Each structure stands twice: as C-alpha cells, then as structure tokens.
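# Descriptive structure summary
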Amino acid sequence: MILDVVYDTFIDGMRLLPFLFLTYLAMECLEHWTGGKMQAVVRKSGKAGPAIGGVLGVFPQCGFSAAAANLYAGRIVTVGTLIAVFLSTSDEMLPIMISENVGISMIGKLLLIKVLFAIAAGFLVDALFRGKEEPQIEHLCERQHCHCERGIWRSAFSHTWRIFLYIIAVSLVLNFAIALIGEETLSTVVMNKPALSLFVSALVGMIPNCASSVILTQLYLGGVLSAGALMAGLLSGSGVGFLVLLRVNEDKKESLRIFGLLYVLGVVGGALIQFLGVRF
C-alpha cells in the first residue's frame, strides 16, 4: 500500500510539472521583457479572463488550476478568472467516463454545463469582488527567494521546484489518509446522506486529491448519486489548485475565503441542476 501511494503521488506530481514550469516561465518573461506596456494589456484583457479560464480549466487533470493559482498570486489574473478555472476543472472525471464507455453526448452536456456555470460565476465574482491591485510578480519572487536576477530560466525552475516539493509532500499525507480511511468509506458517507447529498458531495469534491472526482463519478455512473450531487462535487473540486494557492498567495485568509466561496458555488450549481431536473 505504501509503495502504491508513493508511486501514485509521484506520477500525479510529474503530470503537473510541465504546467507549473511553463506558467512560471511565462510569468518571468512578462516581468523581465515586457515592462509596463504589456502589463497594461494584460490588465485590460483580464475582463475576458473568466471566459478564457472557464474553457481552459475543463481539460482533464488539474494542471490549469495550479497554473491559475500561481497567476492569481502574482495578480496577473482576476479572482473571477481563478474561480472560473477552479469550477471548470474536473480532474479525473473525464478519463473515468471515457474508460466506462459513457456516450459522447452525455460527456459533452456535462462539460458544457460546467464551463457555462464557471464562466457565469467568474464574471459575477469579478463584478462583485474584483480588486484594483497591480501585478505583483516581483513580490511573489521575493517571498519565494527565487533570485530572479540569475535569469528567467533558473528563476522559473526555482519556483517550479519549490512548489513541486510542496505538492508532493501534502499529497503524500492526503493520499495516505485516504488509503487508510478507504475510498469505500468515503463512498458510504456520500450514499448514507441522500438528503444532504449536495452538501456532502461538494465537501468530498473539495478534497485536493484525484480520488474525490473518481469516487463521485463512479457513484453517479452506478446510479447512487443524482446529477445535481455529481455537479456539486465536480464544481467544488479544484484538484491541487487550492494547495498551490495556499502556498503561493500571501494573503492566507483570502485563500480560505476563496475556498469557502468555491464550496458555496458548488452547492448552488448542484442545486440548480437538481431544481431544473437536468439529466446527463
């Protein structure tokens, strides 16, 4: 069991490396080469961020959620864009459904609803809570002691390596906890609370581990969960995105508020699916 947990954690972490490195490399390029003019362009185009984030986040795995967390910590993207990516991210849901030979129409409908809800929620969050902070890439560098003066490649590698080790360490603890508790136990918790299925599913979905999306998807395909409960769990889940945000964002209370908002939006999204009688 120990070897399996270590192996799975390492493989999941390796899948994130390209996303993390490219994100930090892009941020370093933005900071070193473009200057104020390019930052002004980024700020102006940021109004469309939730739409772009909602679409990019729907791709399988949680690389984009980790990338969005870093970009938000540097204030390159808005909080609405971050929320849109987190809501759109489905982690292992898509691979599981494909492996179970689920129809394309069902998958397409589910993903489309997730994307549309993520985009709408992102724009709403920006309208209500968007701040007027300047990009803070240099502050992010100072906090992580990446020594940007040594060059963008070395600096990007330094950022990536630090976050990679952090993700591996936290994921190991979570994976061991889930292995000891058992995925069957988590499944039972969801199944035994039908009246509270939306709230429980959203809570399970927030576990920063791929097991949560796997459990929710399998329970839905097995006829145990409703479409609303599935949507609540998949919307609230952001993969390791929240772990990265908690690590790189200077305002920890803000990170926790974003986490709470994500949970509320997950429950609301699931409730809408339930109320409208949507079936996948």
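Residues numbered from 1 in each chain as written. Predicted model: local features only at pLDDT ≥ 70, side-chain atom pairs only at ≥ 80, totals over all residues. Heavy atoms only, no water.

### Topic: the overall build of the protein
Within the protein, the regular secondary structure consists of 14 helices and zero strands. Along the protein, from the amino end to the carboxyl end, the secondary structure elements read α-α-α-α-α-α-α-α-α-α-α-α-α-α. Sorting the 280 residues of the protein into buried and exposed places 52% on the buried side. With the model as given, the accessible surface of the protein reaches about 13,200 Å², and the carbon-plus-sulfur share is 69%. (Helix = DSSP H or I, 4+ residues; strand = E, 2+ residues; numbered from the N terminus. Buried < 20%, exposed > 50% of the residue type's maximum accessible area, 1.4 Å probe, protein only. Areas by Shrake-Rupley, 256 points an atom, 1.4 Å probe, with all protein chains shown as cover.)

### Here we look at the environment of Ile119
Among the secondary structure elements, Ile119 is positioned in helix α6 (residues 104-129). The spacing of Ile119 and Pro50 is 69 residues in sequence and 5.3 Å in space, taken between C-alpha atoms. If we ignore the near neighbours within four places in the chain, the residues touching Ile119 are Pro50, Ala51 and Gly54. (Contact = heavy atoms within 4.5 Å.)

### Notes on the packing of aromatic side chains
Per the counting criterion, the structure on display carries one aromatic pair. Centre to centre, the rings of Phe242 and Phe259 are 3.8 Å apart; their planes meet at 15°, and the pair counts as stacked. A residue pair is termed long-range when its members are at least 10 positions apart, and Phe242 in helix α13 (residues 241-248) and Phe259 in helix α14 (residues 252-276) qualify at 17 residues. (Phe/Tyr/Trp six-rings, centres within 6.5 Å; stacked < 30°, edge-to-face > 60°.)

### Some details on the confidence of the model for the protein
Close inspection of predicted coordinates is inappropriate for parts of the model with low pLDDT. Of the residues in the protein, 71% have a pLDDT of 70 or more, and the chain-wide mean is 76. The model gives residues 34-43 a pLDDT under 50, and that stretch makes 10 contacts with residues more than four places away or in other chains. (pLDDT = per-residue confidence, 0-100.)

### Description of α14
Between its first and last C-alpha atoms α14 spans 36 Å; for 25 residues at 1.5 Å apiece the expected length is 36 Å, and the two agree. Among all positions in α14, only Glu254, Ser255, Ile258, Leu262, Leu265, Gly266, Val267, Gly269, Gly270 and Ile273 are buried. Structurally, the start of α14 carries an N-cap: the backbone nitrogen of Lys253 is 3.2 Å from a side-chain oxygen of Asp251. (Expected span 1.5 Å × (residues − 1). Polar contact = N/O pair within 3.5 Å; in protein donor to acceptor, adjacent residues only side chain to side chain.)

### With respect to the nonpolar core
Counting 57 residues, the largest nonpolar core has Leu87, Met97, Leu110, Leu230, Leu245 and Phe280 as its most contacted members. For this core, the element with the highest residue contribution is α6, accounting for 10 residues. For Phe280, the contacting residues outside a window of four places in its chain are Met106, Lys109, Leu110, Ile113, Tyr220, Ala227, Leu230, Met231 and Ile273. (Core = buried A, V, L, I, M, F, W, Y, C linked by side-chain atoms within 4.5 Å.)

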